[in-house]
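# Secondary and tertiary structure notes
Spelled out, the chains give:
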Amino acid sequence: MPPRRFDGRLLKMRRRAADMPQRVLGREVGVGSHEPVARWESGKSIPPAEKLPAIARALGEDIDTLFPRAGAPDLVDLRCDAGYSQSHAAELSEAVSRFRLGAAERGVRTLDEAALPELADLYGVTVEEVQAAERRSFGETVVQETADRSTRRLADTLAELMRGAFPESGLTASELVAAVNRKVGGEVIQAEQVDALLGGASAEDTFSGGAGTVVFEALGLYFDVSPMVFHDGRSARRRILDDIRFLAAQHDVALAARGGEDGVSPAFLAVLNELLADEDESR
């Protein structure tokens, strides 16, 4: 599967927003000093994949937001997301050697049945998830049998808005696409994508990169609703927090008070008050 995407500039922005020195982040993730962190942020190197969970935890970030990955995990992904190198995982396991684990991760030789529950426990997932990841390591396509509740909610929200636009007949996917693209003055969405969303597909599976955010903005503009209605609760909170952190970074102020015990920093509150005052004056 594709590895998690790493952006040194984003890491720097998040670290500064958390008011965390490089040396502290280096200590938190076990690399000893500020030097590896400085190389990561400058683009001179990237951290080992098994260090990404520790980096996300240290910064109080969701790993899927800070280091997104397209697609479901294979065996390497499960191990790295649990924070283990291959040798460390094998050391902690009694049922699989490093050689056998490496062979399974490369899609050369399957794991023994006895190793499955042990690895599931070590990685913090179910046996079924380990089996599905193993099949992906061998190049098999693993089909999700049921739609996630969040994707079902997205499908229902979109269908309801399409029906409400023209109560007599509703909107077809093609009609919606034509109307939305005309509204924003460009081709941002296709009929096949609307059909996929209505069928229960997730935004991650339907759009690549940041295209989903652009589409939700366009749909919100067309239906005159907040783009947030197309997000599940978790992703909506994630986006709000991302925007807040970006705002803090743009103004070069700490988001949280030192140590986080006193909530939002006075400097960031001043930024918010200034923005609210500007908004009131513009009305």
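Here we summarise the structure given alongside this text. Please read these numbers as outputs of a predicted model, since none were measured by experiment. (Residues numbered from 1 in each chain as written. Predicted model: local features only at pLDDT ≥ 70, side-chain atom pairs only at ≥ 80, totals over all residues. Heavy atoms only, no water.)

## Notes on the overall build of the protein
The helix and strand inventory of the protein stands at 17 helices and zero strands. Taking the intrachain contacts of the protein between residues at least 6 apart in sequence as the baseline, contacts between residues at least 24 apart amount to 54%. Surface exposure of the protein reaches about 16,200 Å², of which carbon and sulfur atoms provide 50%. (Helix = DSSP H or I, 4+ residues; strand = E, 2+ residues; numbered from the N terminus. Contact = heavy atoms within 4.5 Å. Areas by Shrake-Rupley, 256 points an atom, 1.4 Å probe, with all protein chains shown as cover.)

## Some details on a nonpolar patch on the surface
Among the surface-exposed residues, V264, L269, L272 and L275 lie close enough to one another that they form a single nonpolar patch of about 290 Å² accessible area. When you line up the elements, L275 lands in helix α17 (residues 266-282). Exposure remark for L275: the relative accessible area of 35% places this residue in the partly exposed category. (Patch = residues over 30% accessible without salt bridge, like charges linked within 9 Å, V, L, I, M, F, W, Y side chains within 5 Å. Salt bridge = Lys/Arg side-chain N within 4 Å of Asp/Glu carboxyl O. Buried < 20%, exposed > 50% of the residue type's maximum accessible area, 1.4 Å probe, protein only.)

## As for the packing of aromatic side chains
Counted by the stated rule, this structure contains three aromatic pairs. Between Y222 and F223, the aromatic rings sit 5.0 Å apart at their centres with planes inclined by 70°, giving edge-to-face as the arrangement. (Phe/Tyr/Trp six-rings, centres within 6.5 Å; stacked < 30°, edge-to-face > 60°.)

## Some points on the environment of L272
In this structure, L272 sits in helix α17. Overall, the relative accessible area of 33% leaves L272 in the partly exposed class. On a C-alpha basis, the gap between L272 and I244 in space is 9.8 Å, while along the polypeptide they are 28 residues apart.

## A word on the pattern of salt bridges
Side-chain pairs of opposite charge can arise where the charged atoms are in close proximity. According to the stated counting rule, one finds eight salt bridges in the structure shown. Here D81 makes a salt bridge to R4, at a shortest N to O gap of 2.8 Å. One end of the pair, D81, is in helix α6 (residues 75-81); the other, R4, is in the segment before α1 (8-17), and 77 residues separate them in sequence. By relative accessible area, which is 28% here, D81 ends up partly exposed. The class for R4 is buried, based on a relative accessible area of 12%. Among the ionic pairs, R79 bridges to E105, the shortest N-O distance being 2.7 Å. Pair noted here: R79 is in helix α6 and E105 is in helix α8 (residues 98-105), with a separation of 26 residues, a long-range link. The pair formed by R79 and E105 is uniform in burial state, with each residue classed as buried. Put simply, R4, D64 and D81 are held in one network by salt bridges that share partners.

## Details of the nonpolar core
Residues L158, L176, V194, L219 and F223 are the most contacted members of the largest nonpolar core, which totals 20 residues. Residue contributions to this core peak at five residues, all from helix α15 (residues 211-223). Excluding its chain neighbours within four sequence positions, the residues that come into contact with F223 are L158, L161, M162, A165, L171, L176 and F230. (Core = buried A, V, L, I, M, F, W, Y, C linked by side-chain atoms within 4.5 Å.)

## Examining the side chain of E41
Among the secondary structure elements, E41 is positioned in helix α3 (residues 34-42). Classification of E41 by relative accessible area gives buried; the value is 8%. The contacts of E41, once residues within four sequence positions are left out, are G8, R9, L11, K12, R15 and Q22.

## Some points on helix α13 (residues 191-198)
Among the residues of α13, A191, Q193, V194 and L197 are the ones counted as buried. Along the axis of α13, the buried positions cluster into a sector of 160°, meaning they face one direction only. Just beyond α13, the residue with positive phi is G200, at close to 105°. (Arc of directions from axis to C-beta.)

## Points about the side chain of N181
Turning to its location among the elements, N181 is positioned in helix α12 (residues 173-184). Beyond its immediate stretch of four places on either side in the chain, N181 contacts G186, E187, V188 and I189.

## Quick notes on helix α9 (residues 115-123)
Among all positions of α9, only A115, L116, L119, A120, L122 and Y123 are buried. Along α9, the residues classed as buried sweep out an arc of 165° about the axis, all on the same side. Here the buried face of α9 lies against α6, α7 (86-92), α8 and α10 (127-137). At the exit of α9 stands G124, carrying a positive phi of roughly 70°.

## A closer look at the environment of A211
Topologically, A211 is positioned in helix α15. A211 sits 23 residues away from V188 along the chain, and the two C-alpha atoms are 8.0 Å apart.

## Things to note about the environment of R182
By the secondary structure assignment, R182 is in helix α12. Classification of R182 by relative accessible area gives exposed; the value is 63%. For the pair R182 and Y222, spaced 40 residues apart in sequence, the C-alpha to C-alpha distance is 9.5 Å.

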